[in-house]
Amino acid sequence: MQENLVIVESPAKAKTIEKFLGNNFKVASSMGHIRDLAKKDFGIEIENNYQPQYIISDDKKKVVAELKKLAKSATEIWLASDEDREGEAIAWHLKEVLGLKPEHTRRIVFHEITKDAILHAISNPRDIDMNLVNAQQARRVLDRIVGFEVSPVLWKKVKPSLSAGRVQSVAVRLIVEREREIMNFQSVSSFRVTAIFIAKHGDGQQSELKAELSKRFDTREEAYRFLDQCKNATFSVSEIARKPARRTPAQPFTTSTLQQEASRKLGFSVSQTMSVAQKLYEAGKITYMRTDSVNLSSLAIHTSAKKISELHGDKYVKTRQYKTKSKGAQEAHEAIRPTYIDHEQISGTNQEKKLYDLIWKRTIASQMADAELEKTTVTIDISSLPEKFIATGEVIIFDGFLKVYLESTDDENGSQGSEDLIPPLKAKDILHPKGIQAVQRFTQRPPRYTEASLVKRLEELGIGRPSTYAPTITTIQNRNYVVKEDRPGIERQFLQLELSKGQIRESVKNETTGTEKSKLFPTDIGMVVTDFLMEYFDQIMDYNFTAKVEAEFDEIAEGNRVWNEMIDEFYHPFHKKIENALKNSEKTKGERLLGTDPVSGKEVYVKIGRFGPIAQLGKSLQDNDEDKPQFASLRSGQHIETISLDEALELFKMPRDLGEFEGKKVTVGIGRFGPYVRHNNQFVSLAKADDPYSVDLDRAIELIEIKREKDRNSLLRVFDQDPELKILNGRWGPYITYKKSNIRLPKVKNAEDLTFEECMELVAKAPSTPKRKKK
């Protein structure tokens, strides 16, 4: 009989913990949650005080059976799931499903997987905290109610297979509102004036000084007039101000700041960051990665100070204990940090090494001395004008924590580098202009969200918690409410006026503006769904309501609120809104009338179609239009709200006839799965770089030939007895294709040795695929 059984969530965590415990401990994994709400019949007994109906999923029945067997033969069971609410709920589910007796069950928690932490937890067990369990149950039940009651309304009123969620819908709203701000944004231009001055020194040396005018001009005429008046002006230093400044290090990482910084510095997605961090935690390399806390243990602070002193000297050490400002911080009680701070590097994958390095540097920097700077501002008078040029510079006197780490920002236009150095100057020094430029600049539209900046905004609004950011952002992309992609900028002209050697030269320059990289864009269906939810379910879409719910979950976790009562207060008014929406709302597809086609005289609409946003030429058949309407998919970057009539009419030029190849017509079109070339009843997908509206016959032939070569290389065998029977080499290895059916080859079979009879036998044994019924 095994004396002690420790149950954790993952095999990796089990493997690490097992190294620290003796032979009388067996560590097993539950592989995450072992049960969840039933999907049939809502999974909640509304009339029975919202009691959840939990079931063990089929894929966990074998795991549960094994755990029951192990538990039966153990004298003590230690539930060691994570220390957040979800981990507490997993421990409770294990206790319930395995039928564990309280007198033989211990709950242990730790925020790092080290020998000391594990042994300390074993020495200090506690009972399962039902307040934490109930807070998690309340979240799960409320989210199930919202999702299961609102989603069917969307199916009936907008489009089948849509979904809504308490946090996901609010996150989409943020992205939709930002997109509309951008759509409605009107850029305004002004002229920014900068100058390069030559400062001559007594030793015959000279240096350059960059400065900017303290005002901007609205028009080209004003800027030109200013430069003209500078032709014969004298420029002199009127004031030099030097001020000491300090820069303090960023706090140690919380979940959200780690996600943001890994996105900025490493280019990781939010879900990627959490996946890598989970592996580092389970391998015992970092502390628990779902936390609101910025606190560090006294041991971590002491170890950090020792490491800093060893690497950089005592003057770089300045220990700090940060306080968590987040009200109701629910997760672990320490920031994310390395478990062993004296380990600068670790073994592992490149991603694990990069993320660990980021965490190590952030932790170390948080305990280092401030950076000491000197900021200098030089004011330059113009003899002929009241305006002044201002030059600013910054010198690092002592680098402090900057020696190790500098936090990034989301500012797309700002610079994180040091400012220009200021040469030695004194008041009344005369400066000689090398050149003065007035460049047309434009106001910047609001930036689109990245995953990192969306996490930051959700946290600022109090929406969600550390454990919810990553799944929320993943869900809204999987539901196709939001896409994350790069988009090219557009060419823009701007004016540049330059005064040099007493002459003003004017030129027109080009620049690319609006380039987007890994930004979140709402889809048309995301915008239509958001509008519908805002009209009929304003409560769940309200930012304050979502934050208030999170605060109520915190109250439940603290034992100050009964979870069923909190759900009850929400459910009744919410359910009335469901009934109202089903009864009174009109079916919406976001339809918009653009105008009339000047050729056919038919009306042109845009709306949500079965497979996404489409343009429609002519009325629907139910509107008694004589002809069947034509449909065309909108292009990437086009929106139902902003597409013009001319742009929509362009879409109906598809399919385009490109000419002939091998005596057969070649056309290009756009289908459900994207743009394609069609030749001899064969379809070839266009490459991402190909524009279906401009691709020519030569490029189409090139794509056809590439596809043929690929098909030739994939054909392993063809049989004379029946030409429809072929063996092809696919992405996952060889397979048989016969009459539009694909049959996987058994691993023991060698494709080259198969006879016709053996192939037909495999075809006969293969499960038949039922034909799809015509609608």
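Residues numbered from 1 in each chain as written. Predicted model: local features only at pLDDT ≥ 70, side-chain atom pairs only at ≥ 80, totals over all residues. Heavy atoms only, no water.

### So, the nonpolar core
Logical step 1: Counting residues in each nonpolar core, the largest one holds 141 residues, and the members touching the most others are Phe 110, Ile 145, Val 150, Leu 154, Leu 355 and Phe 537.
Logical step 2: With 10 residues, the single largest contributor to this core is helix H5 (residues 130-157).
Logical step 3: Among all residues touching Phe 537, those that are not within four sequence positions of it are Val 150, Val 153, Phe 532, Phe 574, Lys 577, Ile 578 and Ala 581.
Logical step 4: Grouped together as the second largest cluster of nonpolar side chains are 30 residues, Phe 191, Ala 223, Ala 233 and Val 378 included. (Core = buried A, V, L, I, M, F, W, Y, C linked by side-chain atoms within 4.5 Å. Buried < 20%, exposed > 50% of the residue type's maximum accessible area, 1.4 Å probe, protein only. Helix = DSSP H or I, 4+ residues; strand = E, 2+ residues; numbered from the N terminus. Contact = heavy atoms within 4.5 Å.)

### Remarks on H5
Logical step 1: When the terminal C-alpha atoms of H5 are compared, their 40 Å separation across 28 residues agrees well with the 40 Å that a helix rising 1.5 Å per residue should span.
Logical step 2: Counting buried positions over the 28 residues of H5 gives 20, a clear majority of the element.
Logical step 3: N-capping of H5 is provided by Asp 129, with a side-chain oxygen placed 3.0 Å from the backbone N of Asn 131. (Expected span 1.5 Å × (residues − 1). Polar contact = N/O pair within 3.5 Å; in protein donor to acceptor, adjacent residues only side chain to side chain.)

### Quick look at the pairing of strand S18 (residues 516-522)
Regular strands place side chains that alternate from one sheet face to the opposite one.
Logical step 1: For S18, a buried count of five out of seven residues is recorded, marking the element as mostly surrounded by other parts of the structure.
Logical step 2: Pairing geometry for strand S15 (residues 482-487) and S18, over five bridges, is antiparallel. Residue pairing in the sheet places Lys 484 in a bridge with Leu 520 of S18. (Pairing = 2+ DSSP bridges.)

### A few points about unusual backbone geometry
Logical step 1: In this structure, Pro 655 follows Met 654 across a cis peptide bond, with omega equal to -5°.
Logical step 2: Its location among the elements puts Pro 655 in the loop between helix H18 (645-651) and strand S23 (656-661).
Logical step 3: The phi torsion at Ser 518 lies on the positive side, around 50°, for a residue other than glycine.
Logical step 4: The exposure class assigned to Ser 518 is partly exposed, which follows from its relative accessible area of 34%.

### Observations regarding the packing of helix H9 (residues 270-282) against helix H13 (residues 469-478)
Packed helices, taken two at a time, are described by their axes: the angle between them and the distance between them.
Logical step 1: Remark: H9 packs on H13, axes separated minimally by 8 Å, with the N-to-C direction vectors making an angle of 140°. It follows from the interaxial angle that H9 and H13 lie oblique. In the crossing of H9 with H13, the sense of the turn from one axis to the other is left-handed. Residue-level inspection shows Val 270, Ser 271 and Met 274 of H9 in contact with H13, the latter providing Tyr 469, Ala 470, Ile 473 and Thr 474.
Logical step 2: Here the residues of the contact of H9 with H13 sort into five nonpolar, two polar and no charged. (Axes fitted to C-alpha atoms, helices over the stretch in contact; angles between N-to-C directions. Parallel < 35°, antiparallel > 145°, perpendicular 65-115°, else oblique. Left-handed = near helix turned anticlockwise from the far one by under 90°. Nonpolar A, V, L, I, M, F, W, Y, C, P; charged D, E, K, R; others polar.)

### Observations concerning the sheet that holds strand S26 (residues 682-685)
Logical step 1: Pairing within the open sheet is antiparallel, and its four strands lie in the order S23-S24-S25-S26. Two strands in the sheet have a free side with no partner beyond their single neighbour: S23 and S26. The sheet shows a mean angle of 30° between the axes of neighbouring strands, taken without regard to direction.
Logical step 2: When strand S25 (residues 674-679) meets S26, the two strands line up antiparallel, connected through four bridges. When the bridges of S26 are listed, Arg 678 appears paired with Phe 683.
Logical step 3: In the packing of helix H19 (residues 697-714) onto the sheet, the strands contacted are S23, strand S24 (664-671), S25 and S26, and the crossing angle to S23 comes to about 65°.

### Describing a nonpolar patch on the surface
Logical step 1: Taken together, the side chains of Val 395, Ile 397 and Leu 421 define a hydrophobic patch exposed on the protein surface, amounting to about 290 Å² of accessible area.
Logical step 2: Taking relative accessible area as the criterion, Val 395 reaches 32% and is therefore assigned partly exposed. (Patch = residues over 30% accessible without salt bridge, like charges linked within 9 Å, V, L, I, M, F, W, Y side chains within 5 Å. Areas by Shrake-Rupley, 256 points an atom, 1.4 Å probe, with all protein chains shown as cover. Salt bridge = Lys/Arg side-chain N within 4 Å of Asp/Glu carboxyl O.)

### With respect to the sheet that holds strand S22 (residues 630-633)
Logical step 1: With antiparallel pairing, four strands are arranged side by side in an open sheet as S19-S20-S21-S22. Every other strand in the sheet has two partners, leaving strand S19 (592-596) and S22 as the edge strands with one partner each. Across the sheet, the axes of successive neighbouring strands diverge by a mean angle of 25°, strand direction being ignored.
Logical step 2: Bridge count between strand S20 (residues 603-609) and strand S21 (residues 612-617): six bridges; the pairing is antiparallel. Each residue of the ladder has a partner; that of Lys 607, found in S21, is Ile 614.

### Points about the packing of helix H8 (residues 255-266) against helix H12 (residues 451-460)
Logical step 1: Packing of H8 against H12 brings their axes to within 8 Å, and their N-to-C directions diverge by 160°. Taken together, the axis directions place H8 and H12 in an arrangement best described as roughly antiparallel. Our pair here, H8 against H12, has a crossing hand that is left-handed. Note on element contacts: H12 touches H8 through Ala 452, Val 455, Lys 456 and Glu 459, opposite Ser 256, Gln 259, Gln 260 and Ser 263.
Logical step 2: Of the residues that constitute the contact of H8 with H12, the class distribution is two nonpolar, four polar and two charged.

### Remarks on the packing of aromatic side chains
Logical step 1: According to the stated counting rule, one finds 17 aromatic pairs in the structure shown.
Logical step 2: Taken together, a centroid distance of 6.0 Å and an interplanar angle of 80° make the contact between Phe 42 and Phe 148 edge-to-face. Taken together, the residues Phe 42 in the loop between strand S3 (35-37) and strand S4 (44-45) and Phe 148 in helix H5 connect sequence positions 106 residues apart.
Logical step 3: Among the residues examined, Phe 148 registers a relative accessible area of 34% and is labelled partly exposed.
Logical step 4: Taken together, a centroid distance of 4.7 Å and an interplanar angle of 45° make the contact between Tyr 316 and Phe 398 tilted. One end of the pair, Tyr 316, is in the loop between helix H10 (298-312) and helix H11 (350-365); the other, Phe 398, is in strand S13 (residues 385-398), with 82 residues separating them in the sequence. Like Tyr 316, the residue Phe 398 is buried in the burial classification.
Logical step 5: One aromatic cluster is present, formed by Phe 197, Phe 217, Phe 226, Phe 235 and Phe 389 through successive ring pairs.
Logical step 6: Across the ring face of Tyr 405, the terminal group of Lys 265 is positioned such that the distance to the ring centre comes to 4.8 Å.
Logical step 7: When the ring centre of Phe 521 is taken as origin, the NZ or CZ atom of Arg 487, which lies over that ring, is 3.6 Å away. (Phe/Tyr/Trp six-rings, centres within 6.5 Å; stacked < 30°, edge-to-face > 60°. Lys NZ or Arg CZ within 6 Å of the ring centre and 35° of its normal.)

### With respect to the pairing of strand S30 (residues 741-744)
Logical step 1: With four bridges joining them, strand S29 (residues 733-738) and S30 adopt antiparallel strand pairing. Pairing of Thr 737 across the sheet is with Asn 742, part of S30.

### Things to note about the confidence of the model for the chain
Logical step 1: Model confidence for the chain is summarised by a mean pLDDT of 90, while 95% of its residues fall at 70 or above.
Logical step 2: Below pLDDT 50 for its whole length, residues 770-775 participates in one contact with residues either more than four positions away or in separate chains. (pLDDT = per-residue confidence, 0-100.)

### What to know about helix H3 (residues 85-97)
Logical step 1: The terminal C-alpha atoms of H3 lie 18 Å apart, and with 13 residues this matches the ideal 18 Å at 1.5 Å per residue to within 8%.
Logical step 2: Buried within H3 are the following residues: Arg 85, Gly 87, Glu 88, Ala 89, Ile 90, Ala 91, Trp 92, His 93, Leu 94 and Val 97.
Logical step 3: Gly 99 sits one or two residues past H3 and shows a positive phi near 65°.

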